[in-house]
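The chain contents come next:
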Amino acid sequence: MDFTSKRGILAMSTTKRLWIGLAAVVFAGFAVMLWLGADLMRTAPPIPERVVTQSGQTVFTGADIQTGQEVWQSMGGQELGTVWGHGALVAPDWSADWLHREVTARLDAAAQAQGAKDFASLSDESKAAILARLRPAFRGNGYDPATGTLTISDNRAAAIGKVAQHYESLFSADPATHGLRVAYAMKENTLPDAQRRHELTAFFFWTAWSASTDRPGSDVTYTNNWPYEPLIGNVPTPGAFMWSLFSILFMIAGIALLGWHYAGWHGKEEPLTPPATDPLRGLVLTPSMKASAKYFWIVIALMLVQILLGATTAHFQVEGQEVYGLNLAQYLPYALTRSWHTQLAVLWIATAWLGTGLYIAPAISGYEPPFQRLGVNFLFVCLLVIVVGAFAGQWFSVMQDMGLTTSFWFGHQGWEYVDIGRFWQVFLFIGLLVWLGLVGRALWPAIRRKDEMSSIVGLMFLSTIAIGLFYGAGLMYGEHSHMSDVEYWRWWVVHLWVEGFFEVFAVAVISFLFVKLGLVRGRTATVNVLFATIVFLSGGVLGMFHHLYFVGTTMAGVALGASFSALEVVPLALIGMEAMETWQHSRATPWMARYKWPIMFFLGVSFWNLVGAGLFGFLINTPIALYYVQGLNLTPLHGHTALFGVYGMLGIGLMLFCLRGLRPDTEWNEGWLRGSFWCFNIGLALMALLTLLPMGVLQLQAVLEHGYAFARSADFMDQPLIHLLVWMRMPGDLTFAAGALLLAGFVANQWIWPRRETEEADPVRLQPAE
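Keep in mind that this is a model prediction, so the values were computed, not measured. (Residues numbered from 1 in each chain as written. Predicted model: local features only at pLDDT ≥ 70, side-chain atom pairs only at ≥ 80, totals over all residues. Heavy atoms only, no water.)

Q: Teacher, can you tell me more about the overall build of the protein chain here?
A: The number of helices and strands found in the protein chain is 27 helices and six strands. Radius of gyration (C-alpha) of the protein chain: 27 Å, near the 27 Å computed for a compact globule of 770 residues. Along the three orthogonal principal directions, the C-alpha set of the protein chain runs to about 90 × 55 × 45 Å. Within the protein chain, the fraction of its 770 residues that count as buried is 61%. Within the protein chain, contacts between residues at least 6 apart in sequence are counted, and of these 79% link residues at least 24 apart. By element, 66% of the accessible surface of the protein chain is carried by carbon and sulfur atoms, the whole surface being about 28,900 Å². (Helix = DSSP H or I, 4+ residues; strand = E, 2+ residues; numbered from the N terminus. Rg over C-alpha atoms; globule rule 2.2 N^0.38 Å. Buried < 20%, exposed > 50% of the residue type's maximum accessible area, 1.4 Å probe, protein only. Contact = heavy atoms within 4.5 Å. Areas by Shrake-Rupley, 256 points an atom, 1.4 Å probe, with all protein chains shown as cover.)

So this is what it looks like as structure tokens:
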């Protein structure tokens, strides 16, 4: 038996073991995650049937709290301030804000009972005595599960009444709170109905009560002592410190093991001689492949609108209700522009990947199923209907022109990234199943072939199934579901669907393309893709729980979330070596100049994977870090650099690969693509370093010195320095927008003003690697 045959048998054996390992990782990961989910739903903070005073007065009912949550969802929910730290960042965290206001009202009332003006005017000894009495009153659990009754003191009811009065004024058109509405970027008369405002206060009270009340038999609150409120002893738990330490140790150990594997396995094969000509140059385009081009046009359109809405949303942070003097908030409020901005980010990135799947599947198999083009066109029309219908429904909902049930189904669900009404959510899920069917049946002949590419194609198909099915996790909760239950399933979509299976799909597609281009051996790519998927999913599945530290989970969720989310950083440690290999592939032969810019965007993915997902992600990942920074500007620092830097760049790179095949003979304007690439990267870096990072650090300092509520308050956010930092976004935003315009011009040029590629018209020729 010759050396090549032995190596082939060894590769087959390795591939089989990797498939077994991948199956074990997926099965174990999801089994534990379902167990943790059941534990979360069992131990979530209870919603009392009634909140009554010791004298028998009813303050709120369970129906008030439940309806209040639906009211909050209908007006934008997590797109207007945050609850339990999740959502938008201009308005306060309503849980922390309510808690601090209620505590302050109780302290001032106690001081006034002693003849003082307020709590601040007391001596240190008097303050200490009042606080010693107040903390047990807040942390003690007065809920009786047998009767469903939460009993509070009459003094606390009086404080609740004052805070509720403040919120009822804030969400109306009361001139007394106009300044706060401007600071919070809220439109006037956010909730016109007085009854709805009362119900909203019931919901805010319940979220604050959950965050300040110890679990039965414990000295830790339902939200693991979040938010930081030292006045009542809300401080980090011992478990937050302990599991943060262990998570760092797990990360170091994982990086060491990965380095050992890389040194022992990588680069052991002889260099592969690339083909003399482009193997994909003669690819025959099928009707459905040609029809996929319109998906990339809509990618550009959605991206441009998303950037415009992002600039508008950021500007609201400066002028509050206006944009350069125009009272835009009354017609297009902040909650709506941010809703559309965040959803469009996911939509255009996902559309780029969906279009890639529709284009690449027939290219892989060489098979065009019957009516495939009709299916591609039908799915495109459905996508347009979903975008227009969902966004129109959200406008009516936020403007309070819909009933609560209608809003849930056709308007605004209020949950960040999965905001669209349930009808449109179901419609999109069905569309994804159609996409799964279209890609799957086109891939089927390639799946049935038994060759060195079978595993990559199989993994691509499995990730296609996961993309189609896992969006359905967003349908696992309903209109009246507990917020802890919703957060659990919502992060299945945001973390596993967006960050997980789409990335597996993209890695498989890129590896397949490199093999077809003759730059990587099929068996080598198969082993690398399977190993990378195992490493990624080992941390990525259970790592989802780092989003759920403070939404009602017990310490088991914190421990496992911290431990496994640290492993998400492990594959990013050697990302620079992967980037170097990608660059070497791009220099392997002169004809690779045709694919220079798709590969450059893949290099950008590697860089932002390390910086945005790795460094900025781990900055907020551990329980002790997230305890202080959840909902501060360090969160969007990670979100922007990871979502666009990794997934957006990846979508653009895949789109450009497809456009190279869709327009094989047209000249590519190198200047436009070069300008777009560097504008995107420089703009994103400026946005992160000039605004999000310094603002987040200043907020963190404010949290440590004064408590979480202050760092999100109007007093802090209205400082001149904060306004200056917001204005400092303009250089980055404008540079970033220029990149999008250049990319849009390039794509339009491929169809509107195409020039046939010639040897003379293609001046950029990369030299072969030495």
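Q: Looking at this structure, I do not really get the pattern of salt bridges. What am I missing?
A: Opposite charge on two side chains lets them pair, provided their charged atoms get close. Tallied over the full model, the rule gives 13 salt bridges. In this structure, the salt-bridge partner of arginine 50 is glutamate 49, at a minimum N-O distance of 3.3 Å. Of the charged contacts in the structure, one is a salt bridge between glutamate 667 and arginine 755, with a shortest N-O distance of 3.4 Å. Of this pair, glutamate 667 sits in the loop between helix H22 (634-662) and helix H23 (670-706) while arginine 755 sits in the segment after helix H27 (729-752), and the two are 88 residues apart along the sequence. Judged by relative accessible area, which is 16%, glutamate 667 ranks as buried. A relative accessible area of 53% means that arginine 755 is categorised as exposed. One salt-bridge network, in which partners are shared between bridges, spans Glu79, Arg338 and Glu416. (Salt bridge = Lys/Arg side-chain N within 4 Å of Asp/Glu carboxyl O.)

Q: What is the right way to read helix H4 (residues 124-139) from this model?
A: In this model H4 runs 22 Å from its N-terminal to its C-terminal C-alpha over 16 residues, within 8% of the 22 Å that 1.5 Å per residue would give. Ile130, Leu131, Leu134, Phe138 and Arg139 are the residues of H4 that are buried. Among the structural elements, helix H3 (94-113), helix H5 (154-170) and helix H7 (194-212) are those in contact with the buried residues of H4. (Expected span 1.5 Å × (residues − 1).)

Q: Is there a simple way to explain the sheet that holds strand S2 (residues 58-61) in this structure?
A: The strands that make up a sheet are held in pairs by hydrogen bonds between backbone atoms, and each pair lies either parallel or antiparallel. Reading across the sheet, the four strands line up as S2-S1-S6-S5 and stay open at both edges, with mixed pairing between neighbours. Unpaired on one side and paired on the other, S2 and strand S5 (143-144) mark the two borders of the sheet. For strand S1 (residues 50-53) and strand S6 (residues 149-152), the ladder comprises four bridges, and the chain directions are parallel. Paired with valine 51 across the two strands is leucine 150, which belongs to S6. Contacting S1, S2, S5 and S6, H7 crosses the sheet at an angle of about 90 degrees to S2. (Pairing = 2+ DSSP bridges. Axes fitted to C-alpha atoms, helices over the stretch in contact; angles between N-to-C directions.)

Q: Where do I start with unusual backbone geometry in this structure?
A: Leaving glycine aside, a negative phi is the common case for residues, and trans is the common case for peptide bonds. In this structure, proline 227 follows tryptophan 226 across a cis peptide bond, with omega equal to 5 degrees. Tracing the chain through its elements places proline 227 in the loop between H7 and helix H8 (238-265). One non-glycine residue with positive phi stands out, namely tryptophan 84, at about 55 degrees. Along the chain, tryptophan 84 falls in the loop between strand S3 (82-83) and strand S4 (86-87). The exposure class assigned to tryptophan 84 is buried, which follows from its relative accessible area of 0%. A positive phi angle is found at asparagine 225, which is not glycine, with a value near 70 degrees. Along the chain, the position of asparagine 225 falls in the loop between H7 and H8.

Q: How should I be thinking about the confidence of the model for the protein chain in this particular structure?
A: Detailed reading of the predicted coordinates is not advisable wherever pLDDT is low. Residues with a pLDDT of 70 or more make up 93% of the protein chain, whose mean pLDDT is 89. In the predicted structure, residues 1-10 sits below a pLDDT of 50 and forms five contacts with residues beyond four places in sequence or in another chain. (pLDDT = per-residue confidence, 0-100.)

Q: I keep staring at the packing of aromatic side chains and nothing clicks. Help me out?
A: Each aromatic ring pair is summarised here by two numbers: the centre-to-centre distance and the angle between the ring planes. For the structure shown, the criterion picks out 56 aromatic pairs. Ring plane angle 85 degrees and centroid distance 4.9 Å describe the contact between phenylalanine 423 and tryptophan 424, whose orientation is recorded as edge-to-face. Relative accessible area serves as the criterion here: at 36%, phenylalanine 423 is assigned to the partly exposed category. Residue classification places tryptophan 424 among the buried positions, given a relative accessible area of 12%. Between lysine 127 and the ring centre of phenylalanine 119, over which it is positioned, the NZ or CZ distance is 5.8 Å. The ring centre of phenylalanine 380 lies 5.8 Å from the NZ or CZ of lysine 294, which sits over that ring. (Phe/Tyr/Trp six-rings, centres within 6.5 Å; stacked < 30°, edge-to-face > 60°. Lys NZ or Arg CZ within 6 Å of the ring centre and 35° of its normal.)

Q: Can you walk me through the environment of alanine 158 in this structure?
A: Within the element layout of this structure, alanine 158 appears in helix H5. With 105 residues separating them in the primary sequence, alanine 158 and threonine 53 have C-alpha atoms 9.9 Å apart.

Q: Please explain the pairing of S2 as it appears in this structure.
A: Here three bridges tie S1 to S2, and the two strands are oriented antiparallel to one another. Along S2, the bridge assignment pairs valine 52 with threonine 58.

Q: Before we go on, may I ask you to explain the side chain of glutamate 229 in this structure?
A: Checked against the element boundaries, glutamate 229 lands in the loop between H7 and H8. Buried charge glutamate 229 goes without a salt bridge, the closest partner of opposite sign being arginine 135 at 8.4 Å. Residues contacting glutamate 229, with those up to four places away along its chain left out, are Leu99, His100 and Asn234. (Lys, Arg positive; Asp, Glu negative; His and termini not counted.)

Q: Is there a simple way to think about the side chain of glutamine 413 in this case?
A: With respect to the element layout, glutamine 413 can be found in the loop between helix H13 (404-410) and helix H14 (422-448). With near-sequence residues (within four places) excluded, glutamine 413 lies in contact with Gln73, Phe408, Val418, Asp419, Ile420, Gly421, Arg422, Gln425 and Tyr477.

Q: Help me understand the environment of aspartate 718 in this model?
A: With respect to the helices, strands and loops of the structure, aspartate 718 is situated in the loop between helix H25 (714-717) and helix H26 (720-727). Taking C-alpha positions, aspartate 718 is 9.2 Å from glutamine 317, a pair spaced 401 residues apart along the chain. Ignoring anything within four residues of it in the chain, the contact list for aspartate 718 reads Ala183 and His723.

Q: Which parts of the structure should I look at to understand the nonpolar core?
A: Where a protein is soluble and globular, its nonpolar side chains tend to be buried together. Formed by 238 residues in total, the largest nonpolar core has its most connected members in Trp94 and Phe171. Sorting elements by how many residues they give to this core places helix H16 (residues 483-516) first, with 23 residues. Apart from the residues lying within four places of it in its own chain, the contact partners of tryptophan 94 are Trp72, Leu80, Gly81, Thr82, Val83, Tyr167, Leu170, Phe171, Tyr184, Met186 and Phe204. (Core = buried A, V, L, I, M, F, W, Y, C linked by side-chain atoms within 4.5 Å.)

Q: Please clarify how the packing of helix H11 (residues 334-365) against helix H12 (residues 372-398) should be interpreted in this entry.
A: A pair of packed helices is captured by two measures, namely the crossing angle of their axes and the spacing between those axes. Packing of H11 against H12 leaves a shortest axis separation of 11 Å and a crossing angle of 170 degrees. Put simply, H11 runs roughly antiparallel to H12. Within the contact between the two elements, H11 uses Ala335, Leu336, Ser339, Trp340, Gln343, Leu344, Leu347, Thr351 and Leu358 and H12 uses Val376, Leu379, Leu383, Val387, Phe391, Gln394, Trp395 and Val398. Grouping the amino acids of the contact of H11 with H12 by side-chain chemistry returns 13 nonpolar, four polar and no charged. (Parallel < 35°, antiparallel > 145°, perpendicular 65-115°, else oblique. Nonpolar A, V, L, I, M, F, W, Y, C, P; charged D, E, K, R; others polar.)

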